[in-house]
2 protein chains.
Amino acid sequence: MTDQRRAVYDVLMGKRDHPTAVEVFTRVRDKVPSISLATVYNCLETLADCGLAKTVTDERGPARYCPNLDEHAHFFCQSCGGVSDIPLRSRRHPEDVWEFPKSLTILRHEVSFRGVCQKCAPKTKAAKRN
Amino acid sequence: MTDQRRAVYDVLMGKRDHPTAVEVFTRVRDKVPSISLATVYNCLETLADCGLAKTVTDERGPARYCPNLDEHAHFFCQSCGGVSDIPLRSRRHPEDVWEFPKSLTILRHEVSFRGVCQKCAPKTKAAKRN
DNA sequence: AACCTAAATAAGAATTGTTCTTGATATGAT
DNA sequence: ATCATATCAAGAACAATTCTTATTTAGGTT
């Protein structure tokens, strides 16, 4: 545990959103001004490997990092780019919906939903009228 | 519909796998030797926009293109990089498993599973013994 | 407390996959 | 045939990430 890792971890836990590596970088520089972006990438990867954070990707956009360790999916707003967590229903599993071939060993899954968030819904309707 | 789009479409339909843009490019050059990679990207994007193909992404790897238009998820083998389709159980929906906030308008979803395929399972076990 | 070794860091170059720019070509309506 | 619009090829540009190298640091051992 180094100063840099501690600072990256604190930044991630301090604000429960889904920052990119660059966003973490700008936030963490307040605490450790000398930190480099490469180190932020390294620290985030280390935290993810340790199970202290999750990596989230929206198509080909920058990777984002999520401090929520519960099993959950993600929602991406097409309009504002916002990301939010979607919880699993209790006692439900992806196997309830998808038919897994027995020959496959499933180790993890990543579920992403795309659409429009509440805040953006009015804008989108207005845009459709044009 | 141009020669290039037709050729890209034929290539995608001709082999039911999940090629990257570069793989499509090398296959399609047999038919249209003068085609450029940028045009392959354009054609694939056009096909995806028309609903004739789906775009599939595995974390930060290259985008892949899928000719299977049925609703399905994807499985990525961590060992060999292979991609396969996972069908939806009949009359099941993601809402059965995840608790969608009513405030969100869900337009589409993307579900990815990761693990080890049948072919790679023995190798992986052997590797674990080391 | 000084020393040692492996691991982590900073800085910037390099890489990867994709998108953009430009001028040339082709297509379809008039 | 002419013109407007869309597509194409070629390669430059771009964004996000990873790699390389030299330096620094953590943390265990004397």
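Keep in mind it's a predicted model, so treat the numbers as computed, not measured.

Trainee: Break down the overall build of chain A for me, citing the residues and quoting the values.
Mentor: Scanning chain A for helices and strands turns up four helices and five strands. Seen in sequence order, chain A has helices and strands lined up from the N terminus as α-α-α-β-β-β-β-β-α. The C-alpha radius of gyration of chain A comes to 18 Å, more than 25% above the 14 Å expected for a compact globule of 130 residues. If you line up chain A on its principal axes, its C-alpha atoms span 50 × 45 × 25 Å. Every one of the 130 residues in chain A was classed for burial, and the buried ones make up 25%. Pairs at least 24 residues apart make up 52% of the contacts formed inside chain A by residues separated by at least 6 positions.

Trainee: Account for the sheet that holds strand E5 (residues 105-116) of chain A, with residues named and values stated.
Mentor: Reading across from one edge, E4(A)-E3(A)-E5(A)-E5(B)-E3(B)-E4(B) is the order of the six strands in this open sheet, with mixed pairing throughout. Bordering the open sheet on either side are strand E4 (83-87) of chain A together with strand E4 (83-87) of chain B, each of which pairs with just one other strand. Pairs of neighbouring strands in the sheet enclose a mean axial angle of 30°, with direction left out of account. One ladder, built from four bridges, connects strand E3 (residues 72-77) of chain B with strand E5 (residues 105-116) of chain B; its direction is parallel. Bridge pairing in E5 of chain B places His74 of chain B opposite Ser112 of chain B.

Trainee: Describe the interface of chain A and chain B, listing the residues and the values that go with them.
Mentor: In this complex, chain A contributes 35 residues to the contact, which on the side of chain B involves 35 residues. Taken together, the elements giving at least two residues each to the side of chain A that touches chain B come down to strand E3 (72-77), E4 and E5 of chain A. No other element matches the twelve residues that E5 of chain A contributes to the side of chain A that touches chain B.

Trainee: Can you tell me about the protein's contact with DNA strand D, naming the residues and giving the values?
Mentor: Near DNA strand D, the surroundings consist of 20 residues, among which Ala63 of chain A together with Thr2, Gln4, Ser36 and Thr39 of chain B are the closest. At the level of elements, helix H3 (37-49) of chain A together with helix H1 (3-14) and helix H3 (37-50) of chain B are the ones that each hand at least two residues to the surface near DNA strand D. Here the residues of the surface near DNA strand D are counted per class, giving nine nonpolar, eight polar and three charged.

Trainee: So what about the packing of H1 of chain B against H3 of chain B? Which residues, and what values?
Mentor: All names here are of chain B. Direction vectors running N to C along H1 and H3 enclose 70°, while the axes themselves pass 9 Å from each other. On the basis of the axis angle, H1 is roughly perpendicular to H3. Here Gln4, Arg5, Val8 and Tyr9 of H1 come into contact with H3, specifically with Thr39, Val40, Cys43, Leu44, Thr46 and Leu47. Residue composition of the contact of H1 with H3, by class: six nonpolar, three polar and one charged.

Trainee: Break down helix H1 (residues 3-14) of chain A for me, with residues and values.
Mentor: Residue and element names in this part refer to chain A. Taking 1.5 Å of rise per residue, the twelve residues of H1 would be expected to cover 16 Å, and the 16 Å separating its terminal C-alpha atoms lies within 8% of that figure. For H1, the full list of buried residues reads Ala7, Val8, Tyr9, Val11 and Leu12. Along its buried surface, H1 packs onto helix H2 (21-28), H3 and strand E2 (64-66).

Trainee: Could you give an account of the protein's contact with DNA strand C, naming the residues involved and the relevant values?
Mentor: Taken together, the neighbourhood of DNA strand C is formed by 18 residues, with Thr2, Gln4, Ser36 and Thr39 of chain A together with Ala63 of chain B sitting nearest. When contributions to the surface near DNA strand C are tallied by element, the ones reaching two or more residues are H1 and H3 of chain A together with H3 of chain B. Considering every element that reaches the surface near DNA strand C, the biggest residue donor is H3 of chain A, with four residues. Considered class by class, the residues forming the surface near DNA strand C number eight nonpolar, eight polar and two charged.

Trainee: So what's going on with unusual backbone geometry? Residues and values would help.
Mentor: Negative phi values dominate among residues other than glycine, just as trans dominates among peptide bonds. All names here are of chain A. Unlike most non-glycine residues, Glu59 shows phi in positive territory, near 50°. Structurally, the position occupied by Glu59 is in the loop between strand E1 (54-56) and E2. Backbone geometry places Arg91, a non-glycine residue, at a positive phi of 60°. With respect to the helices, strands and loops of the structure, Arg91 is situated in the loop between E4 and E5.

Trainee: Tell me about the relation of the copies chain A and chain B, and name the residues and values.
Mentor: For these two chains of identical sequence, chain A goes onto chain B by a turn of 180° and a shift of 0.0 Å along the axis, with RMSD 0.1 Å. Taken together, the rotation and translation relating the two chain copies correspond to the operation of a two-fold axis. Minimal C-alpha distance to the rotation axis in chain A is attained by Val111 of chain A, lying at 2.3 Å. Looking at chain A, 100% of its interface residues are interface residues in chain B too, so the copies touch through the same face.

How each quantity is defined
- Residues numbered from 1 in each chain as written.
- Chains lettered and ligands numbered in written order.
- Predicted model: local features only at pLDDT ≥ 70, side-chain atom pairs only at ≥ 80, totals over all residues.
- Helix = DSSP H or I, 4+ residues; strand = E, 2+ residues; numbered from the N terminus.
- Rg over C-alpha atoms; globule rule 2.2 N^0.38 Å.
- Buried ≥ 20, exposed ≤ 12 C-beta atoms within 10 Å, placed from the backbone.
- Contact = placed C-beta atoms within 7 Å.
- Pairing = 2+ DSSP bridges.
- Axes fitted to C-alpha atoms, helices over the stretch in contact; angles between N-to-C directions.
- Near = placed C-beta within 6 Å.
- Nonpolar A, V, L, I, M, F, W, Y, C, P; charged D, E, K, R; others polar.
- Parallel < 35°, antiparallel > 145°, perpendicular 65-115°, else oblique.
- Expected span 1.5 Å × (residues − 1).
- Least-squares fit on C-alpha atoms with pLDDT ≥ 70 in both.

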